[in-house]
Amino acid sequence: MKHFRFSIIFTVICLALSAYWGYTHGVDAGLSTMFKALMITAILAVMEISLSFDNAVVNASVLKNWDPFWKMLFLTVGILVAVFGMRLVFPLLIVAVTADMGMVEVAKLALSDPAEYSARLMAHHAEIAAFGGMFLLLVFLNFMFDDEKDTHWFHWLEKKSAHFGSIPAISVFISLISLLIMAAYVEEHERLVVTMAGIWGIVVYVGVQVVGHLLEGSQDGTAEDNAEAQGNAELAKTVMKGGIGGFLYLEVLDASFSFDGVIGAFAITNDVVIIMLGLAIGAIFVRSMTIYLVEKGTLDAYVYLEHGAHYAIGALAVIMLGSGTGLHVPELVTGLIGIVFIVWAVLSSIAYKRRQQTETH
């Protein structure tokens, strides 16, 4: 329970703010709008958690070997970026850039005319889906093509995929093919911007890897270089166990997940305050789940859990790319796909553990 104490307190505060907002705003402000605001906030929170549970598992797989400094940074600065940056500021920024408006002007539009704000944001759904879909697809493909991975869930499929991992840039090649297929099915006047958004998704993914490599550094070099590095041993240890590259990777990964949640939220309500409160609750719980999984050693206990999370990410990437072409998949289905893969992975892990125990006896 201690891992979720802050999340529960945060949830109570957000629900209280939601109730106040619903009670004081709207055409027929009062008790009915208050309860409606509370219900929608709760639905959005549950939706965000269901969509992002696989995000928590992947976060935990990266975070488990980090230095405490970077873990704390992820839980403080990372939360601020996730809650306010991606759930509030980023949608405002999209509208501001595409409509040639100032951020303050867009914020006023969101509060005074949420329907118009929602319409302007949704008009750029295809570009958002291309960017986020490409990033998530690369996360999935690089997991599948990892030829150093020893544990395989779907053994034949993953063994064959790992064999292709020796081909340089195979994941980028498949991602670009997927982007070209997606671009072929969007409206002609959107084709260029969608393609550029997808390319930026690939560039950001590869760029984060480059930054991580440069900042976390390799241990190769001359004896003199290594001796100089010894003088900064504590700093080097901190960077190697966590690192700015890893931190950026998790933040962009969280951002890619949040795109789907933000777009899905506008299908439920146009009220940006309610959307931010509901998605913020979900984002905080995802952080708490991440720490819970790390400290309880859940990934070690359930060997296929990380696999299930990556398959869920792959499914979400395909859904996002499809949604950019106009294919509508209900948010309930999107969330359930992730949950099904996670539960399936847990059950498979339990069965695997029992087989291991039987063989040892």
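Residues numbered from 1 in each chain as written. Predicted model: local features only at pLDDT ≥ 70, side-chain atom pairs only at ≥ 80, totals over all residues. Heavy atoms only, no water.

Things to note about the overall build of the protein chain
What the protein chain contains, in helices and strands, is 16 helices and zero strands. Residue burial in the protein chain is summarised as follows: out of 361 residues, 48% are buried. Long-range contacts, defined as pairs at least 24 residues apart, comprise 80% of the intrachain contacts of the protein chain with a sequence gap of at least 6. As displayed, the protein chain has an accessible area near 18200 Å², and 67% of this comes from carbon and sulfur atoms. (Helix = DSSP H or I, 4+ residues; strand = E, 2+ residues; numbered from the N terminus. Buried < 20%, exposed > 50% of the residue type's maximum accessible area, 1.4 Å probe, protein only. Contact = heavy atoms within 4.5 Å. Areas by Shrake-Rupley, 256 points an atom, 1.4 Å probe, with all protein chains shown as cover.)

Some thoughts on helix α8 (residues 170–184)
An ideal rise of 1.5 Å per residue puts 21 Å on 15 residues; α8 measures up with 21 Å between its terminal C-alpha atoms. For α8, the full list of buried residues reads I170, S171, S175, L179, M182 and A183. (Expected span 1.5 Å × (residues − 1).)

A few points about the packing of aromatic side chains
Scanning all chains against the criterion turns up 14 aromatic pairs. Taken together, a centroid distance of 5.3 Å and an interplanar angle of 75° make the contact between W153 and W344 edge-to-face. In this pair, W153 is assigned in the loop between α6 (125–144) and α7 (155–164) and W344 in helix α16 (residues 331–360), connecting sequence segments 191 residues apart. Assessed through its relative accessible area of 42%, W344 is described here as partly exposed. (Phe/Tyr/Trp six-rings, centres within 6.5 Å; stacked < 30°, edge-to-face > 60°.)

Brief notes about the nonpolar core
Core analysis: the biggest nonpolar cluster contains 92 residues, and Y117, Y249 and L253 have the highest contact counts within it. Here the element with the most residues in this core is helix α13 (residues 272–295); it accounts for 16 residues. Ignoring any residue separated from it by four or fewer positions in sequence, one finds L253 in contact with N55, V58, N59, F135, L136 and V139. (Core = buried A, V, L, I, M, F, W, Y, C linked by side-chain atoms within 4.5 Å.)

Concerning unusual backbone geometry
With a phi close to 60°, A169 is a non-glycine residue in the positive phi region. Turning to its location among the elements, A169 is positioned in the loop between α7 and α8.

Overview of a negative patch on the surface
Residues D146, D147, E148 and D150 make up a contiguous surface patch of negative charge. With respect to the helices and strands, D146 occurs in the loop between α6 and α7. (Patch = residues over 30% accessible without salt bridge, like charges linked within 9 Å, V, L, I, M, F, W, Y side chains within 5 Å. Salt bridge = Lys/Arg side-chain N within 4 Å of Asp/Glu carboxyl O. Lys, Arg positive; Asp, Glu negative; His and termini not counted. Charge placed at Lys NZ, Arg CZ, Asp CG, Glu CD.)

Things to note about the confidence of the model for the protein chain
For the protein chain, per-residue confidence averages 79 on the pLDDT scale, and 87% of positions sit at 70 or higher. Within the protein chain, α8 carries the highest mean pLDDT (93), whereas helix α11 (residues 233–241) carries the lowest (43). For the stretch residues 218–241, pLDDT sits under 50, and the model shows 15 contacts to residues farther than four places along the chain or on other chains. (pLDDT = per-residue confidence, 0-100.)

Describing the pattern of salt bridges
As enumerated under the stated definition, the model contains one salt bridge in all. Taking the shortest distance from any N to any O, the salt bridge between R120 and E116 comes out at 2.8 Å. Of this pair, R120 and E116 both sit in helix α5 (residues 114–122), four residues apart, which is roughly one turn of that helix. Looking at R120, the relative accessible area reads 30%, which means it is partly exposed. Judged by its relative accessible area of 31%, E116 is partly exposed.

Some thoughts on the packing of helix α1 (residues 5–24) against helix α2 (residues 31–63)
Contact pair α1 / α2: the axes reach a minimum separation of 7 Å and the direction vectors enclose 140°. Viewed along their axes, α1 and α2 form a crossing whose handedness is right-handed. Seen from α1, the contacting residues are L15, S18, A19, G22 and Y23; seen from α2, they are L31, T33, M34, A37, L38 and T41. By residue class, the composition of the contact of α1 with α2 is seven nonpolar, four polar and no charged. (Axes fitted to C-alpha atoms, helices over the stretch in contact; angles between N-to-C directions. Left-handed = near helix turned anticlockwise from the far one by under 90°. Nonpolar A, V, L, I, M, F, W, Y, C, P; charged D, E, K, R; others polar.)

Quick word on the packing of α6 against helix α15 (residues 305–323)
The interhelical angle for the contact between α6 and α15, taken along N-to-C directions, is 150°, at an axis separation of 8 Å. With respect to their mutual orientation, α6 and α15 come out roughly antiparallel. Here α6 and α15 pass one another in a crossing that is left-handed. Of the residues contributing to the contact of α6 with α15, the split by class is 16 nonpolar, seven polar and one charged. (Parallel < 35°, antiparallel > 145°, perpendicular 65-115°, else oblique.)

Observations regarding the environment of V194
Among the secondary structure elements, V194 is positioned in helix α9 (residues 191–216). Residues V194 and H125, spaced 69 residues apart in sequence, show a C-alpha to C-alpha distance of 9.4 Å. Non-local contacts of V194, meaning those with residues more than four positions away in its chain, are made with A126, E127, A130, L179, M182 and V186.

Here's the deal with α6
Here α6 contains 20 residues, and its C-alpha end-to-end distance of 28 Å stays within 8% of the 28 Å for a straight helix at 1.5 Å per residue. The element α6 is extensively covered by neighbouring structure, given that 18 of its 20 residues are classed as buried.

Thoughts on the environment of P114
By the secondary structure assignment, P114 is in helix α5. Through-space distance from the C-alpha of P114 to that of D271 is 6.0 Å; in sequence the pair is 157 residues apart.

A short note on the environment of S348
With respect to the helices and strands, S348 occurs in helix α16. The buried category is assigned to S348, whose relative accessible area is 16%. Considered as a pair, S348 and V303 are 45 residues apart in the sequence and their alpha carbons are 8.6 Å apart. Not counting residues up to four positions away in its chain, the partners in contact with S348 are W153 and Y304. There is a polar contact of 3.1 Å between the side chain of S348 and the side chain of W153. (Polar contact = N/O pair within 3.5 Å; in protein donor to acceptor, adjacent residues only side chain to side chain.)

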